[in-house]
Amino acid sequence: MGSVRQVQITFDCASPERVARFWCEVLGYVVPPPPDGFATWDEFTRSLPPEKQDAGFVCSDPTGVGPRMYFQRVPEGKVVKNRVHLDVRVGTGLAGEERVAVLEAEGARLVALGAVRQQLLVADEENESCLVMQDVEGNEFCLD
């Protein structure tokens with residue numbers, strides 16, 4: 001049996017810092033300190049050649065438990081539905097109206113941050129309710 005490896009989740013996007021800071025708010029993640037010799041990330045970014053500015057950004061779980069998230073600028077825009085998406089587990093252990101109320105409340109908080117509410121998928125015989133959302137660049141995710 002192989003050893004467990006850490007995972008980094010990478011997002012292709014147009015504006016890495018903007019998307020990273022959105023996901024920091026969603027997940028309670030933090031932006032690491034800027035590189036040595038720089039007081040802020042803005043200062044570091046301004047030191048780079050123009051083509052390297054806002055080319056990538058990172059956020060991480062302050063507890064060290066969750067995966068690191070990396071956001072990289074790509075020239076092409078999003079065209080179709082994600083093949084992989086994040087499920088943000090806000091309703092774990094809840095069912096029925098109580099679960100939907102928690103999903104809707106978190107959805108409203110994220111809409112205020114720039115997310116877009118897509119659709120509430122109501123519980124059926126196999127699945128509990130979840131709320132389909134899009135982040136600030138249109139990447140789908142679920143509040144589960």
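Residues numbered from 1 in each chain as written. Predicted model: local features only at pLDDT ≥ 70, side-chain atom pairs only at ≥ 80, totals over all residues. Heavy atoms only, no water.

What about the packing of helix H1 (residues 16-27) against helix H3 (residues 96-112)?
For clarity, the threshold we go by: To obtain an axis, a line is fitted to C-alpha atoms, over the contacting stretch when the element is a helix, and the angle between two such axes runs from 0 to 180 degrees between their N-to-C directions. Helix and strand assignments come from DSSP, with helices taken as H or I runs of at least 4 residues and strands as E runs of at least 2, each series counted from the N terminus. An angle below 35 degrees is read as roughly parallel, one above 145 as roughly antiparallel, one from 65 to 115 as roughly perpendicular, and any other as oblique. Handedness of a crossing is defined here by the sense of rotation of the near helix relative to the far one, left-handed for an anticlockwise turn of less than a right angle and right-handed for a clockwise turn. Throughout, a contact is declared for two residues whenever any of their heavy atoms are within 4.5 Å. For this scheme, ten residues count as nonpolar: Ala, Val, Leu, Ile, Met, Phe, Trp, Tyr, Cys and Pro. Four count as charged, namely Asp, Glu, Lys and Arg, and the remainder, Gly too, count as polar.
At a closest axis distance of 11 Å, the pairing of H1 and H3 adopts a crossing angle of 155°. As judged from the angle between their axes, H1 and H3 are roughly antiparallel. As H1 packs across H3, the resulting crossing turns out to be right-handed. Contacts between H1 and H3 involve Phe22, Glu25 and Val26 on the former and, on the latter, Glu106, Arg109 and Leu110. When grouped by side-chain class, the residues that make up the contact of H1 with H3 number three nonpolar, no polar and three charged.

Focus: the sheet that holds strand S6 (residues 130-134)
The line we're drawing: Strand pairing is assigned whenever DSSP identifies at least 2 bridges connecting the two strands.
Pairing is mixed across the open sheet formed by four strands, whose spatial order is S4-S7-S6-S5. On the outer flanks of this sheet lie strand S4 (86-88) and strand S5 (116-121), each paired with one strand and no other. Across the sheet, the mean angle from the axis of one strand to that of its neighbour is 25°, orientation sign disregarded. Looking at chain direction, S6 and strand S7 (residues 140-143) are connected through four bridges and run antiparallel. Bridge pairing in S7 links Leu131 to Leu143. Lying over the sheet, H1 contacts S4 and S7, oriented at roughly 40° with respect to S4. Of the strands in this sheet, S5, S6 and S7 are in contact with H3, which crosses S6 at around 10°.

What to know about H1
Defined as follows: What a helix is expected to span follows from its residue count: subtract one and scale by 1.5 Å. Three exposure classes are used, based on accessible area relative to the maximum for each residue type with a 1.4 Å probe and protein chains only: buried under 20%, partly exposed in between, and exposed over 50%.
An ideal rise of 1.5 Å per residue puts 16 Å on 12 residues; H1 measures up with 16 Å between its terminal C-alpha atoms. For H1, the full list of buried residues reads Pro16, Val19, Ala20, Phe22, Trp23, Cys24 and Val26. Those residues of H1 that are buried lie in contact with strand S1 (8-13), strand S2 (56-59), strand S3 (68-73), S4, H3 and S7. Immediately downstream of H1, the backbone of Gly28 shows phi near 75°, a positive value.

Let's talk about the sheet that holds S2
Taking strand neighbours across the sheet as the criterion, the three strands line up as S1-S3-S2 in an open arrangement whose pairing is mixed. The outermost strands of the open sheet, each flanked by one partner alone, are S1 and S2. Each adjacent strand pair in this sheet contributes to an overall mean axis angle of 20°, direction not counted. Running over the sheet, H1 touches S1, S2 and S3 and is turned about 155° from S3.

Don't take any of this as a statement about function, it's just geometry.
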